[in-house]
Amino acid sequence: MSQQPKGWKEISIAGVCWKPATDYHTGDWRSFKPVRDPKKCTKCLLCHIVCPDAAIQWNKETQDIEFNYDFCKGCGICANECGAKAIVMVQEGGE
Amino acid sequence: MAIIEQKTIPLNGDEAVAYAVKQSDVDVVAAYPITPQTIIVERFSEYVANGEVDTEFVCVESEHSALAASLTASLTGARAFTATASAGLALMHEMVYVTAGCRAPVVMAVTNRALSAPINIHCDHSDVMAERDSGWIQLWAENAQEVYDSIIQAFRIAEHPDLMTPVMVNLDGFFLSHTLENVQVLPDNVVRKFVGIRQYPLVSDTQGKKVPFKLDPDFPLTMGPLDLPDYYFEHKRQQEEAMHIAPKIIKQVHDEYAKLSGRSYGNGFVDAYNVDDAEIVTVCLGSTAGTTKTVVDQLRSKGIKAGVLRVRTLRPLPVEDIMRALENKKAVAVLDRSNSVGGQGGPFFHEIRHVLYGAQSHPPIVDYVYGLGGRDMPPALIQNIYKDLEEIAKTGKVKNLVQFAGVRE
């Protein structure tokens, strides 16, 4: 979002997307951020399943769970569902 | 180009719509029947059943779905048509805006009918006035012949790649929809050639490549996405720009069609009848113009300088044409077949009075709300309005800004 926004003469009609949805970082809507405690986490991947925005991924190289904060809107479902209580929601800017 | 030889067939306004759509090589029609539009859907479904057209006819469960199906068909690149009236148009309301915002060049016939309550199936313009600001081009027909001609023109206008704006063709319920007239029709091949094959403007895809504006697996595009405060306003500004370009295209299509058929409607935007040298003028929409022209003839034979200005395109509003026609008159009356309850006159009055504010001189202007729920507008009522105008022209004074013509006390 660092570029200057385009004017009406430059963009396609009818809201046709000129860039992929992944260029739009919906993570900046977030007010609470999920923070995982790796010691408590059992890597069951329930958080990955329940995340409505595919913002929790399995990193094959590190063999660990990874949060993509570009797209995590902070809904808190992962924290709520985590059986091991390994995820807590922390207010943004409050750390 | 010579005028094409045409046959004359008896058609009512609704049948004229169906006949024009049959000839216009339409890919998809999705519609739901509602009085007084029903005949359009009935006739067209007969054409489909008889194999006279290769149109995909979609029977839907509501008008909301009718327009949703037409708009989405249009976005895949198809030529799409639908038709409705009254409560049907009101139920479409959400999709009316979506169609315009998605820049889907759907053509829709609106057989104008009053809105409930009390329930009423007859003509007035309250249904379409509620959609005035939706971003559709609005053509208004005076008779079944103009209905036929306007539907054919509407496809060319809507689908113009610079425009991509849906078009409504308005016809007065029953007065036009159910009244049989002699209608001259062009040969099928001439209409097919006139409407042509749909062309698409180019838009940028997510890779920055220019691709045709249609949903096509070979050129994937995302249409109708969430559009937040950072870009929604720009897209709405683009729609306004299309309306600025529209007069050029409407004129071009109207004039080209006139050369082919021998028929034109004023300059394509306003139809001025005895207006040039007139002192008193009424302004109206639709079929009332026919009766009013007869009254004007009677008044002219008595030496009264009367005229009538019929507006054919309510959107885009032909501001300059209306202003030029009215600014030097002694008195002007607007005939409004709908009312803006509590708004000091009907919506059409607001449009015309708004135009005159920018004129060099301001003739006194009054409004007559008439004909609600199909109430008749006989010549005697129109004569009374011209009598009032003579009085206003003489004294320069307006006693009643807004009156209700034909209502019982």
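Residues numbered from 1 in each chain as written. Chains lettered and ligands numbered in written order. Predicted model: local features only at pLDDT ≥ 70, side-chain atom pairs only at ≥ 80, totals over all residues.

Novice: Honestly, the packing of helix α1 (residues 13–23) of chain B against helix α2 (residues 38–49) of chain B in this entry has me stumped. Any pointers?
Specialist: Helix-helix packing: each pair is described by the crossing angle between the helix axes and the interaxial distance. Residues and elements named next belong to chain B. Look at α1 against α2: their axes get within 8 Å of each other, and the N-to-C directions meet at 35°. The way α1 lies across α2 gives a crossing that is right-handed. Between α1 and α2, the residues in contact are Asp14, Glu15, Val17, Ala18, Val21 and Lys22 and Ile39, Ile40, Arg43, Phe44 and Tyr47, respectively. When grouped by side-chain class, the residues that make up the contact of α1 with α2 number 7 nonpolar, no polar and 4 charged. (Axes fitted to C-alpha atoms, helices over the stretch in contact; angles between N-to-C directions. Helix = DSSP H or I, 4+ residues; strand = E, 2+ residues; numbered from the N terminus. Left-handed = near helix turned anticlockwise from the far one by under 90°. Contact = placed C-beta atoms within 7 Å. Nonpolar A, V, L, I, M, F, W, Y, C, P; charged D, E, K, R; others polar.)

Novice: Would you take a moment to explain the interface of chain B and chain A for this structure?
Specialist: One widely used convention gives an interface's size as the accessible area the parts lose upon coming together. Taken together, the contact pairs 20 residues of chain B with 13 residues of chain A. Mapped by element, the contributors of at least two residues to the side of chain B that touches chain A are β9 (202–204) and α8 (232–261) of chain B. In terms of residue count, α8(B) provides more of the side of chain B that touches chain A than any other element does, 4 residues in total. Split by residue class, the side of chain B that touches chain A holds 8 nonpolar, 7 polar and 5 charged.

Novice: Sorry, what's going on with the sheet that holds strand β6 (residues 137–140) of chain B here?
Specialist: Pairing between the strands of a sheet comes from backbone hydrogen bonds, and it takes one of two forms, parallel or antiparallel. All names here are of chain B. On the basis of which strands lie adjacent, the open sheet formed by 7 strands has the order β3-β2-β4-β5-β7-β6-β14 and mixed pairing. Looking at the sheet topology across the chains shown, the edges are occupied by β3 (56–59) and β14 (313–315). Recorded for the sheet is a direction-independent mean angle of 20° between the axes of neighbouring strands. Note that strand β4 (residues 80–84) and strand β5 (residues 107–112) share 4 bridges and pair parallel. For Ala83, the partnering residue across the bridge sits in β5 and is Ala109. Lying over the sheet, helix α3 (residues 63–75) contacts β2 (28–31), β3 and β4, oriented at roughly 165° with respect to β4. (Pairing = 2+ DSSP bridges.)

Novice: Hey, could you run me through the pairing of β4(B) in this one?
Specialist: For a regular strand, the rule is simple: side chains alternate between the two faces of the sheet. All names here are of chain B. For β4, the tally of buried residues reaches 5 of 5 residues, placing the bulk of the element in the interior. Relative to β4, β2 runs parallel, the two being bridged by 2 bridges. Considered in β4, the bridge of Val29 is made with Phe81. With helix α4 (residues 86–101) bridging β4 and the parallel β5, this β-α-β connection has right-handed handedness. (Buried ≥ 20, exposed ≤ 12 C-beta atoms within 10 Å, placed from the backbone. Right-handed = clockwise from strand over helix to strand, strands pointing away.)

Novice: Can you help me understand the sheet that holds strand β17 (residues 402–405) of chain B in this one?
Specialist: All names here are of chain B. Taking strand neighbours across the sheet as the criterion, the 6 strands line up as β11-β13-β12-β15-β16-β17 in an open arrangement whose pairing is mixed. Of all the strands in the sheet, just β11 (270–273) and β17 have a single pairing partner and so form its edges. Between one strand and the next, the sheet's axes are offset by a mean angle of 20°, whatever the strand orientation. Pairing of strand β15 (residues 331–336) with strand β16 (residues 365–370), which is carried by 5 bridges, proceeds in the parallel orientation. Across the sheet, residue Val332 finds its bridge partner in β16, namely Ile365. Of the strands in this sheet, β11, β12 (280–284), β13 (306–311) and β15 touch helix α10 (residues 319–326), which is tilted by about 15° from β11.

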